[in-house]
Amino acid sequence: MTYYIVKIALTAVLVVLISEISKRSSFIGAVLASVPLTSVLAMLWLYLDTGDAAKVSALAGSVFWLVLPSLALFVALPILLAQGVNFYLSLAASMGITAICYWAMVIVLRYYGVEL
């Protein structure tokens, strides 16, 4: 149980730290947020939990293919905000657009024989 608390605490601290740094410098916050900390932590926790490098490799491969559709959020959100759309509506719409892009990517990958 202590292990799970450490995992949650470390992950939460990193997210809060990036948020706080972003208040002072959006550039440094963006650099830290763009580093795939979530993916790295997920791979670390997966390896520590299972000791299975093949599972880590499969996760890394899946993350690779899903990075492209995730970029839709970072395109849609600033466009919607620049158009004067409410922040929460912009965020929700951007997340919806991103979800559609994920779905489309999975369909395209399956068509080409790539299973995630």
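Residues numbered from 1 in each chain as written. Predicted model: local features only at pLDDT ≥ 70, side-chain atom pairs only at ≥ 80, totals over all residues. Heavy atoms only, no water.

Digging into the overall build of the protein chain
- When its secondary structure is counted, the protein chain shows 5 helices and 0 strands.
- Against the compact-globule benchmark of 13 Å for 116 residues, the protein chain has a radius of gyration of 17 Å, which places it well outside the compact range.
- Counting every position in the protein chain, which comprises 116 residues, the buried fraction comes to 16%.
- Taking the intrachain contacts of the protein chain between residues at least 6 apart in sequence as the baseline, contacts between residues at least 24 apart amount to 50%.
- Surface accessibility of the protein chain: about 8,400 Å² in total, with carbon and sulfur atoms responsible for 76%.
- Charged side chains of the protein chain number 5 positive and 4 negative; the gap between the two group centres comes to 8 Å. (Helix = DSSP H or I, 4+ residues; strand = E, 2+ residues; numbered from the N terminus. Rg over C-alpha atoms; globule rule 2.2 N^0.38 Å. Buried < 20%, exposed > 50% of the residue type's maximum accessible area, 1.4 Å probe, protein only. Contact = heavy atoms within 4.5 Å. Areas by Shrake-Rupley, 256 points an atom, 1.4 Å probe, with all protein chains shown as cover. Lys, Arg positive; Asp, Glu negative; His and termini not counted. Charge placed at Lys NZ, Arg CZ, Asp CG, Glu CD.)

A few points about the packing of helix H1 (residues 2–24) against helix H2 (residues 26–34)
- Between H1 and H2, the shortest axis-to-axis distance is 6 Å and the interhelical angle comes to 155°. Considering their axes alone, H1 and H2 lie roughly antiparallel with respect to each other. Counted together, Ile18, Ile21, Ser22 and Arg24 of H1 and Ser26, Ile28, Gly29, Leu32 and Ala33 of H2 form the full contact between these two elements. (Axes fitted to C-alpha atoms, helices over the stretch in contact; angles between N-to-C directions. Parallel < 35°, antiparallel > 145°, perpendicular 65-115°, else oblique.)

Focus: the packing of aromatic side chains
- For the structure shown, the criterion picks out 5 aromatic pairs.
- Between the aromatic rings of Tyr111 and Tyr112, the centroid separation amounts to 5.0 Å while the plane-to-plane angle is 90°, which identifies the pairing as edge-to-face. For the pair formed by Tyr111 and Tyr112, the shared burial category is exposed. (Phe/Tyr/Trp six-rings, centres within 6.5 Å; stacked < 30°, edge-to-face > 60°.)

Details of the layout of surface pockets
- Taken as a whole, the largest pocket holds about 820 Å³ of empty space.
- Taken together, the elements giving at least two residues each to the lining of the largest pocket come down to H1, H2, helix H3 (37–50), helix H4 (53–82) and helix H5 (87–111).
- The leading source of residues in the lining of the largest pocket is H4, at 7 residues.
- Within the lining of the largest pocket, the residues separate by chemical class into 17 nonpolar, 10 polar and no charged. (1 Å grid on protein atoms, 1.4 Å probe; cavity = no way out; pocket = protein on both sides within 12 Å on 5 of 7 lines; lining within 4 Å. Points joined across faces, edges and corners; volume = space filled by probe spheres on them. Nonpolar A, V, L, I, M, F, W, Y, C, P; charged D, E, K, R; others polar.)

Honestly, that's just the spatial picture; any functional story needs more than this.
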